[in-house]
Amino acid sequence: MNRSNDTLRAQWIKLIGITIVHFLTDTLAGMYPAVMPDIQDAFKWDLAKANLVFGILIIVCNAGQVFICNLRQRNPKPFFLQFGICAGTAICFLFFLVGVPGAFYIMCALAVITGCGIAAAHPEGLRAVHDLDAIGSPISTAVFMTGGAVGFASGGLIGSFFVSQFGLKGLLCFAAPAIICVIIVYSLNIRLAVEPSAKDSSQPLESIDNKTTIAFWPILWMAIASTTASVILVFLLPTRLKEFGFDRNFGGFSIMMFGMGGAVGSLVWSVIANKKGQLAVASISFFLGVPILLAYLLTFEHRPAVYLLFASGFCSWAGFPLLVSISRKARGLTLAMRMGLMVGGTWGISATFEMLLVYLAKPLGITVNTLLYFTPACFAIASFMGLMIMIDRRKKGFQQI
């Protein structure tokens, strides 16, 4: 990879700028679940139909990263970073479709465009982070991932506020971030790390010693379990809260609390992981969040229970960035493919699973409240997977990661 000649201070400024871009990009995906009840009312759709549009958006924006991550590998100048955020605003124009024949299919097309935009921005964002060699990898990764978590969580609150003030046309407020992101990228002269060519990918750029590295695929499955938990919670919680009579703003605020807890937790746990080991800390954090989340699900009809979401996010969500950091030097595939699968493929698979659950819920008589209990179950599975990986490595005499 190419290396930046910037000073440490300059690299921190760039990292903050890239993180802001990540934050603003992910608000576009995060706003939809919080305003989904309003979309259902405006278009007279049931939950499954409204959820399908969001499912398409999430699947495209995550699965698309797997395909886009290998494009422009030899070009250090960003393009998809700016283009992506601009294309990502397409879904914000959905209010024009109210009362229009075939609105559902047009909105699905807007969801595809938005998903492609969000997908395009992420791989180049990660490559920009990789170029900042003066900052420790776990720290830069945690900061960048935190920006996305806060953005996704805040998108719901921001969207809820503007929809409550101006109706669905209030979503046009998300068009402003596109301009801000383009200005940030050009004003900070953001550059991208250049991937090694295919013929060099087998060279010892990263250790291939089985005793000091870890296989990628088990980490990927562990990540999928954790992202599935987060997706189910974020997709369905606002709908469940509305059933209890809470307004849309509280639904957005609840999602933000979970995301903000994850953002703070990812930074705190990354410091601990630097001393105790990333895989062990990720497994512990997933496990500690389970009882807190169960306590929330048993009491969330009471407004103060929302603060349990912050504590749950602080533990459970915070383990995911550690898995992303581990995968950067894992065995298997190229760095670009590992990053694409971890920050894109995981969420796409999780969204597909959530859509399947929603469609099966009605014929099977499963309520939204019951579906939410899949969240602590999936976090527990992720923790168990991490424990099994560590036990296997210990039996083989391998170094813990």
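Quick note: structure is the one above.
A brief report on the enclosed structure follows.

About the criteria used
Going along each chain's sequence as written, the residues are numbered from 1 onward. Under the rules for a predicted model, residues below a pLDDT of 70 receive no local features and side-chain atom pairs below 80 are neither given nor counted, while totals for whole chains, interfaces and linings still include all residues. Hydrogens and water molecules were not included; the side-chain quantities draw on all heavy atoms of the structure. Counting from the N terminus, the helices are DSSP H or I runs at least four residues long and the strands are E runs at least two residues long. Two residues form a contact once any of their heavy atoms are found within 4.5 Å. Only protein chains enter the accessibility calculation, which uses a 1.4 Å probe. A residue is then buried if its area is under 20% of the maximum for its type, exposed if over 50%, and partly exposed in between. Aromatic pairing here means that ring centres of Phe, Tyr or Trp (its six-membered ring) are within 6.5 Å. Orientation follows from the plane angle: under 30 degrees is stacked, over 60 is edge-to-face, and everything else is tilted. Placement of a positive charge over a ring is assigned whenever Lys NZ or Arg CZ falls within 6 Å of the ring centre and within 35 degrees of the normal to the ring plane. Nonpolar side chains (Val, Leu, Ile, Met, Phe, Trp, Tyr) within 5 Å and like charges within 9 Å form the patches, drawn only from residues with over 30% relative accessible area and no salt bridge. A 1.4 Å probe and the Shrake-Rupley method give the accessible areas. Residues count as covered only by the protein chains that appear here. The salt bridge definition used is simple: a Lys or Arg side-chain nitrogen within 4 Å of an Asp or Glu carboxyl oxygen.

1. Regarding the side chain of S327
So, point 1. Position of S327 among the secondary structure elements: in helix α11 (residues 319–327).
So, point 2. Setting aside residues up to four positions removed in sequence, S327 forms contacts with F216, R338, M339 and M342.

2. Observations concerning unusual backbone geometry
So, point 1. With a phi close to 60°, K44 is a non-glycine residue in the positive phi region.
So, point 2. Along the chain, K44 falls in the loop between α1 (8–43) and α2 (47–68).
So, point 3. Take K44: its relative accessible area is 72%, and that puts it in the exposed class.
So, point 4. Backbone geometry places N189, a non-glycine residue, at a positive phi of 55°.
So, point 5. Tracing the sequence through the fold places N189 in the loop between α6 (176–187) and α7 (216–243).
So, point 6. For N189, a relative accessible area of 40% translates into the label partly exposed.

3. Section: the packing of aromatic side chains
So, point 1. Considering all chains together, one arrives at 20 aromatic pairs under this definition.
So, point 2. Pairwise contacts between aromatic rings join F43, W45, F104 and Y105 into one cluster.
So, point 3. Note that K49 overlies the ring of F104, its terminal NZ or CZ placed 5.1 Å from the centroid.
So, point 4. A cation over an aromatic ring shows up here: R303 above the ring of F250, its NZ or CZ 4.4 Å from the ring centre.

4. A word on a nonpolar patch on the surface
So, point 1. The grouping of L8, W12, I16, I20 and I139 at the surface amounts to a nonpolar patch, some 430 Å² of accessible area in total.
So, point 2. Sort the elements by how many residues they give to the nonpolar patch and α1 lands first, with four residues.
So, point 3. Relative to the helices and strands, I139 is located in helix α5 (residues 137–166).

In short, geometric facts, not functional conclusions.
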